[in-house]
Amino acid sequence: MTQITTNSPVGPLTIFADDGAIVAVEWGWPPETDEAPGALLEEARAQIEAYFDGRLTRFDLPLAPFGTAFQKKVWAAIAAIPFGRARTYGDMARELGTAARALGGACGRNPIPILIPCHRVLGGNGGLGGYSGMDGIDTKRFLLRHEGVLV
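What comes next concerns the included structure. The model shown is predicted, which means the values in this text are computed figures rather than measured ones.

## A closer look at the pattern of salt bridges
Argument step 1. For the coordinates displayed, the defined rule picks out six salt bridges.
Argument step 2. Between arginine 94 and aspartate 91 there is a salt bridge; the shortest N-O distance is 2.5 Å. Taken as a pair, arginine 94 and aspartate 91 lie in helix 3 (residues 89–96) at a separation of three residues, close to a single helical turn.
Argument step 3. We note a salt bridge from glutamate 147 to arginine 120, for which the minimum N-O separation is 2.7 Å. With a gap of 27 residues between them, glutamate 147 in the segment after helix 5 (137–146) and arginine 120 in the loop between helix 4 (100–108) and strand 5 (121–122) connect regions that are remote in the sequence. Arginine 120 shares its class with glutamate 147; the two are buried.

Here it is, written out as structure tokens:
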């Protein structure tokens, strides 16, 4: 597995790739490595920087998150939410034929936040719900505001 790190307005983000696809994005600086990141990770870093600079609204990267079939189904539905839009846990759960709590659990286990935009999933009452990234709800609020979703 190879990695690359970039600074962002929500803290340092380390992007991991394996077998030609992005498999994880984590907050923080990882231990040093001697392995070169390669073209895919350089492109991922460029796209994340363009997203935060306001020049990119849709990521175009191969993603291969590790998870169950159900989690991958949820993550695919989340990835389909357009920039600047949000959906509720309940609406998505009904669409996928599952419970909102199960959908929320899969959302919370998303290994590729920002690229799979779990921050775009909100509570049914308009509340933010949860967020597992860096500063939790504050990070989710920042990402939504960055995309023009008023919360």
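Next comes the rest of the account.
## With respect to the state of the cysteines
Argument step 1. Under the definition given, this model contains zero disulfides.
Argument step 2. Cysteine cysteine 107 is unpaired, with the sulfur of cysteine 118 as its nearest cysteine sulfur at 4.6 Å.
Argument step 3. Since its relative accessible area comes to 5%, cysteine 107 is described here as buried.
Argument step 4. Overall, the relative accessible area of 5% leaves cysteine 118 in the buried class.

What counts and how
- Residues numbered from 1 in each chain as written.
- Predicted model: local features only at pLDDT ≥ 70, side-chain atom pairs only at ≥ 80, totals over all residues.
- Heavy atoms only, no water.
- Salt bridge = Lys/Arg side-chain N within 4 Å of Asp/Glu carboxyl O.
- Helix = DSSP H or I, 4+ residues; strand = E, 2+ residues; numbered from the N terminus.
- Buried < 20%, exposed > 50% of the residue type's maximum accessible area, 1.4 Å probe, protein only.
- Disulfide = S-S within 2.5 Å.

Geometric values such as these leave the question of function open.
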